[in-house]
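Architecture and fold: a report
So the chains spell out like this:
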Amino acid sequence: MDFKINPSSEFKEISIEQTYEFLSASEKGLTDADVKQRITFFGPNAITEKKKNPFVEFFSRYWGPMPWLLELAMVLSIILNHELEGVIIFLLLTVNAIIGFMHSRGSQKAVELLKQRLAIKAKVLRNGEWMTEDSSQVVPGDVMIIKMGDIVPADAKIISGDIAIDESALTGESLPIDKQPLDIVYSGAIVRRGEARGIVINTGQNTYFGKTAELVKIAKPKSHQEEIMMAIVKYMMYLGIAASVIVGGYAFIHHEHFLVIMTFVVVFLMGAVPVALPAVMTIVQAATGVQLAKSNVLVTRLDSIEDAASISVLCLDKTGTITENKLSVTDSIPFSGYSKEDSTQLAALASRAEGMDLIDVAIIDYAKASKVDTNSHQQVSYTPFNPAIRRTEAITQYNGSQFKVVKGASQVILPMCAGVTDELKAKVDETIADFSRKGYRTIAVARSKDNDFDTLDFVGLLPLSDPPRADSAKMIAEMKSLGVKPIMLTGDNMAIAQEVAKNVGIGENIIRLADIEKLSHEDQAKKVASSDGFAEIYPEDKYRIVKLLQENGYMVGMTGDGVNDAPALKQAEMGIAVSNATDVAKASASVVLLEPGVRVIVEAIERSRETYQRMLTWVINKVTKVIQVVGLLTVGFFMVHHQMVLSMLGMALLVFANDFVTMSLATDNVQHTANPNAWEVLNITYASLLIGILLVVEGVVAVIWGQRYFGLGYHGLKHLQTWIMLMLVFTSQFRVMIVRERKFLWSSMPGTALILSTVGALIGFVLLGIYGVIITPIPANEVFSILLFSLIFTFAIDFPKYAAFRKFGVE
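Below, the structure is looked at part by part. The numbering scheme is per chain: residues are counted from 1 as the chain's sequence reads. A pLDDT threshold of at least 70 governs which residues receive local features in this predicted model, and a stricter bar of 80 or more applies before side-chain atom pairs are shown or counted, although totals over entire chains, interfaces and linings include all residues. Side-chain metrics rest on all non-hydrogen atoms present in the structure, leaving aside hydrogens and water.

1. Quick look at the overall build of the protein chain
Here a helix means four or more residues in a row that DSSP labels H or I, a strand means two or more in a row labelled E, and each is numbered from the N terminus. A count of helices and strands for the protein chain gives 30 helices and 22 strands. Buried residues are those whose accessible area, probed at 1.4 Å on protein chains only, stays under 20% of the maximum for their type, while exposed residues exceed 50% and partly exposed ones sit between those limits. Taking all 811 residues of the protein chain together, the buried fraction comes to 58%. Of the contacts formed within the protein chain by residues at least 6 apart in sequence, a portion of 73% connects residues at least 24 apart. Surface exposure of the protein chain reaches about 33400 Å², of which carbon and sulfur atoms provide 58%. Residue contacts are defined here by distance: any two heavy atoms, one from each residue, within 4.5 Å place the two residues in contact. We get accessible surface area from the Shrake-Rupley algorithm with a probe of 1.4 Å; when it comes to residues, only the shown protein chains can shield them.

2. Quick word on a nonpolar patch on the surface
Patch membership requires more than 30% relative accessible area and the absence of a salt bridge. Residues of like charge join within 9 Å; the nonpolar side chains Val, Leu, Ile, Met, Phe, Trp and Tyr join within 5 Å. One side-chain nitrogen of Lys or Arg within 4 Å of one carboxyl oxygen of Asp or Glu is enough to make a salt bridge. Taken together, M749, I755, V759, I763, L767, Y771, V773 and I774 make up a surface patch of nonpolar side chains, about 830 Å² in accessible area. Here M749 is to be found in the loop between α27 (718–739) and α28 (752–771). Given a relative accessible area of 57%, M749 falls into the exposed group.

3. What to know about the nonpolar core
What we call a nonpolar core is a set of buried Ala, Val, Leu, Ile, Met, Phe, Trp, Tyr and Cys residues that are connected through their side-chain atoms within 4.5 Å. Counting residues in each nonpolar core, the largest one holds 93 residues, and the members touching the most others are L633, M651, W723, I724, F730 and F765. Take this core: its biggest share by element is 13 residues, from helix α24 (residues 600–639). Excluding residues that lie within four positions of it along the chain, I724 makes contacts with L632, V645, G699, A702 and V703. Ranked by size, the runner-up nonpolar core spans 35 residues in total, among them V297, V299, M494 and V591.

4. Examining the packing of aromatic side chains
Geometry of aromatic contacts follows a simple scheme: Phe, Tyr and Trp rings, the Trp one being its six-membered ring, pair when their centres are within 6.5 Å, and the pair is stacked under 30 degrees between planes, edge-to-face over 60, tilted otherwise. In total, this model carries 20 aromatic pairs according to the counting rule given. Put simply, the rings of W705, Y709, F710, W723, F789 and F793 touch in pairs and so form one group of aromatic residues. The rule for a charge over a ring is simple: NZ of Lys or CZ of Arg within 6 Å of the ring centre, and within 35 degrees of the ring normal. R447 extends its terminal NZ or CZ atom over the ring of F403, reaching a point 3.9 Å from the ring centre. Between K807 and the ring centre of F808, over which it is positioned, the NZ or CZ distance is 5.8 Å.

5. Things to note about the packing of helix α18 (residues 472–481) against α24
Where α18 contacts α24, the two axes come as close as 9 Å, and the packing angle between them is 20°. Overall, the two elements α18 and α24 adopt an arrangement that is roughly parallel. Along this stretch, α18 crosses α24, giving a crossing that reads as left-handed. Of the residues in α24, those in contact with M475, E478 and M479 of α18 are I601, V602 and I605. Lines fitted to the C-alpha atoms define the axes, with helices restricted to the stretch that makes contact. Angles between their N-to-C directions range from 0 to 180 degrees. Between 65 and 115 degrees an angle is taken as roughly perpendicular, under 35 as roughly parallel, over 145 as roughly antiparallel, and anywhere else as oblique. A clockwise turn of the near helix away from the far one marks a right-handed crossing, whereas an anticlockwise turn of less than a right angle marks a left-handed crossing.

6. Focus on the side chain of T203
Within the secondary structure layout, T203 lies in the loop between β7 (190–202) and α8 (208–218). Using a relative accessible area of 2% as the deciding quantity, one classes T203 as buried. Residues contacting T203, with those up to four places away along its chain left out, are F42, N45, V138, V139, P140 and A154.

7. Description of the sheet that holds strand β8 (residues 297–299)
On the basis of which strands lie adjacent, the open sheet formed by 8 strands has the order β8-β22-β21-β20-β9-β17-β19-β18 and mixed pairing. The sheet is open, and its two borders are formed by β8 and β18 (510–512), each paired with just one other strand. Strand-to-strand twist of the sheet, defined as the mean angle between neighbouring strand axes without regard to direction, takes the value 20°. A pair of strands is considered paired only if DSSP assigns at least 2 bridges between the two. As paired elements, strand β9 (residues 313–317) and strand β17 (residues 485–489) share 5 bridges and run parallel to each other.

8. Some remarks on unusual backbone geometry
With a phi angle near 60°, K371 is a residue other than glycine that sits in the positive phi range. Inspection of the secondary structure puts K371 in the loop between α15 (358–369) and β12 (378–386). Even without a glycine there, the phi angle at N451 is positive, about 60°. One can find N451 in the loop between β15 (441–449) and β16 (452–465). For N451, a relative accessible area of 54% corresponds to the exposed category.

9. Brief notes about the pairing of strand β3 (residues 143–147)
Judged by how many residues are buried, β3 sits mostly within the fold: 4 of 5 residues are covered. Strand direction decides the pairing type here: strand β1 (residues 121–126) and β3, joined by 2 bridges, are antiparallel. If you follow V124 over to β3, its bridge partner there is M144. Note: β3 against β7, 5 bridges, orientation antiparallel. Bridge assignment links M144 to a residue of β7, and that residue is G198.

10. Some thoughts on the pattern of salt bridges
Evaluated as defined, the whole model comprises 19 salt bridges. D466 is the salt-bridge partner of K318, the closest N and O atoms lying 3.8 Å from each other. Of the two residues, K318 sits in helix α13 (residues 318–322) while D466 sits in the loop between β16 and α18, which places them 148 residues apart along the sequence. Pair check on accessibility: K318 and D466 agree, each one buried. Here K485 makes a salt bridge to D532, at a shortest N to O gap of 3.5 Å. Here K485 is found in strand β17, whereas its partner D532 is found in the loop between α20 (521–530) and β19 (533–535), with 47 residues between them in sequence. Classification of D532 as buried rests on a relative accessible area of 13%.

Printed below as a string of structure tokens:
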């Protein structure tokens, strides 16, 4: 049998009979044979995802531009019989691979949790009998029953019955929605009231929920870290290759041995490649992640920490993020001589918390908060809200008398009341219109005379809303003070969106995505960036808005709590799931808040900017080191008669001292900026170039001083190589102290870990220089002389460094 697939929305326009015909089904349900056929064609009612082989994923980290360079250096080291240096390079490469692999597992968590969400039970009609099946076995054409408290297992068209469903996790709509025969209910919605029979129209990836899962799968932000890392590698390699060509070409012309030329190449490669950059990035971010965890912020994607420093736009999902996602009564408006307390009390008497009706619960909570007494009255009977008559009724007893209380839509309740004058009707209509403009829904309340259930008096109105969180306005103000523009996204109507955005200080320029559909891509981007928010949007729209902002150069943050937010959360540079978010939203986000509210978003951005400062320090330090080492080795080659002033082992030790000892920058004391940070690689390189050239001058002076004052290099090169290696190591430690501060080095105190690691490295290499062990030792006076020389010369560079940072805007 040939089956067809149509989007769930298209089933809205056809009758039940046409639906049966399209699905080759009937009101009698399916047989086991039917189910088997459909499972084969449609697949199980679950979200599938291709899994990566962990071994392939791990070993792929040895493949790529940076690993290739390190592997080439490793092979050349072994060919040149420098096995120790080869082992050191291999260990550095493996450390990077292990750290990267450990933090990349779990990238498919969102889809796995979607599968778990679908793994619920469903009551279906099979072989003429009702039975409970795992939701993964539900197929199009199944007839099923859904009732209060159920999660809808698949997209379905209602055949009979009336229900109210909560689609807040799917659409962002905070109010329950009434569904009647011919309406469509979507997988993942929650039944809040009633019972209905429906026919399944789509399952798995073809459902609304499944399409959201597909968006989560394809959503992936471009890695700004990777772009920056490769840009840095590119510039450093240009320098290293240029130096290799100059020195190697000169040596070749002068008939130097091939292995000698290869030694030059290996040393230059080791000096130019930022060996520990991936590991350092991960460690710095992980340290920030631990710091945020202490503030109840869980970081699930480490690279988002650094990316968050550059965020200039924060897309805020209204429901559950700006607002509480909890229906609340905002006021009680009495009429006909009744008091506020009367209208609140009577509305509460026509409510029952046990029924899980969100409006009833909101009214009861409001009555309790207003300290309105309901215990003196007894609820004799209660009729839940009926969509057919659009009201709730209750019979209440008080002091031996009984009376009826009704509540519901004003257009239903008002005509039922006696003595409604034109003046009263006009006043009620005006009040409702005022609340409607604010995006509020109103509930009307009426009561009968004692022991006369037929005559009703109009009592009052209760406006309902999803109120903003207590900290939302403050959070928005702090966001703006950090240079981050908030944009609100919601599926609610325009009136509600405008009222909420205005109340929390986001702004009043709220638009619909449909309003800009006909504009050019460029004009759409301008409209999106200039707006304060979007109303009446769908999950695909949120994802599209984030993508549109990113494609036009914006770094985007996104907060949310529902399934509908998952694709945009995963796509954003920093996706933030609030504490009451669905599992899917939490798995898709890069940051999960573990406490109510969004106050800690501000702290997360501040911490991310501190992370940026630490990484900026490491990058500047590395770039200046490469310029210093490559420049000095090139100049030194010609100064000492075509030989290297630094041995291959000395270079390996320098790499360790510079790249790995400075990992303590992960906890260095830094100050975040007041505006978003951006990686201006060229400006950073220009500023670093000046510092690097001055460090080359320092190295040249050290070579001349060592030769002329201490006689190094005249009776063998090894003593001079130890001298230069110590100078480069000492300089690397002092250099960190000047480049870590964007102002003068005394403007802030380094972190404790950085001080300890620096002191430890200095002591270790002083002892290594004096006693040798694996290098040629030199006298203690020479070791301390080069230590003092490195300290004075490097710290003197702090003054031109400050000028360079200001000129090139490095902050």
